[in-house]
Amino acid sequence: MLCRSHLAGCLYTAGRHSDGFKQVRQVLEIDENFWIAHWYLSRFNLKEGNLAEARTSAERVYSLRSPNTLGTGLLAGLLARKGEAARAEALLALLPPPETYGVPMAWVSYCLAQLRIDDAAEWVERAIEQRDPRVTYVLADLRTSTHWPALARKLGLPGS
């Protein structure tokens, strides 16, 4: 299920959106409680502008896997975007300090949910310093950031 969830992410990132949705839904047919599939589904819906569906999936991630940096950040970002600042701040207050391993990815998810791409890229830099492999989940979202050339060089990506 993990591999199929990541395949869904790769397909979606490659522009094969319907195939990405199909793969993630197949994972959820096998296990409706697989949090990573819900995380991808939330991110896909967010990118498609389906904020209600994105929130539903983010709430599911949070309920299935709390505490979870990716899920907490994503849900808090969606809540803030919808004007629910108090609940968003309450969730963010539950996070450990930013220097704790994995926490920068919560802030990446938070910023991406609000379409704050440059802020997300700054948090990705911290996640890279921590050697958090989950940065690969969000790299495609950062290509429009002014930080992208430096991030690409730092990661040794082709054409950087």
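Placed above this text is the structure.
Residues numbered from 1 in each chain as written. Predicted model: local features only at pLDDT ≥ 70, side-chain atom pairs only at ≥ 80, totals over all residues. Heavy atoms only, no water.

A.B. asks: Break down the side chain of Asp-132 for me, citing the residues and quoting the values.
C.D. replies: Mapped onto the fold, Asp-132 is located in the loop between helix H8 (117-129) and helix H9 (148-155). Overall, the relative accessible area of 3% leaves Asp-132 in the buried class. In this structure, Asp-132 is in contact with Tyr-101, Gly-102, Met-105 and Ala-127, ignoring residues within four places of it in sequence. (Helix = DSSP H or I, 4+ residues; strand = E, 2+ residues; numbered from the N terminus. Buried < 20%, exposed > 50% of the residue type's maximum accessible area, 1.4 Å probe, protein only. Contact = heavy atoms within 4.5 Å.)

A.B. asks: Any details on helix H4 (residues 51-64)? Residues and values, ideally.
C.D. replies: The first and last C-alpha atoms of H4 sit 20 Å apart over 14 residues, in line with the 20 Å expected at 1.5 Å per residue. Every buried residue belonging to H4 is among Ala-54, Ser-57, Ala-58, Val-61 and Tyr-62, and all of these are buried. Seen from one end, H4 has its buried residues packed into an arc of 145°, which puts them on one side. Of the residues in H4, the exposed ones pointing more than 90 degrees away from the buried face are Ala-52, Thr-56 and Ser-63. (Expected span 1.5 Å × (residues − 1). Arc of directions from axis to C-beta.)

A.B. asks: Got a sec to walk through the packing of aromatic side chains? Specific residues and values, please.
C.D. replies: The full count for this structure, using the stated rule, is nine aromatic pairs. Judged by centre distance (5.4 Å) and plane angle (75°), the rings of Phe-21 and Phe-44 are edge-to-face. Separated by 23 residues along the polypeptide, Phe-21 in helix H2 (residues 17-30) and Phe-44 in helix H3 (residues 35-48) bring together distant segments of the chain. On the accessibility criterion, Phe-21 (10% relative accessible area) is buried. Among the residues examined, Phe-44 registers a relative accessible area of 2% and is labelled buried. Both rings, one in Tyr-40 and one in Tyr-137, keep their centres 6.1 Å apart while their planes meet at 50°; by these two values the pair is tilted. Taken together, the positions of Tyr-40 in helix H3 and Tyr-137 in the loop between H8 and H9 put the pair 97 residues apart, joining distant regions of the chain. Look at Tyr-40 and you get buried, because its relative accessible area is 6%. Classification of Tyr-137 by relative accessible area gives partly exposed; the value is 25%. Three or more aromatic residues joined by ring pairs form one cluster here, namely Tyr-12, Phe-21, Trp-39, Tyr-40, Phe-44 and Tyr-137. (Phe/Tyr/Trp six-rings, centres within 6.5 Å; stacked < 30°, edge-to-face > 60°.)

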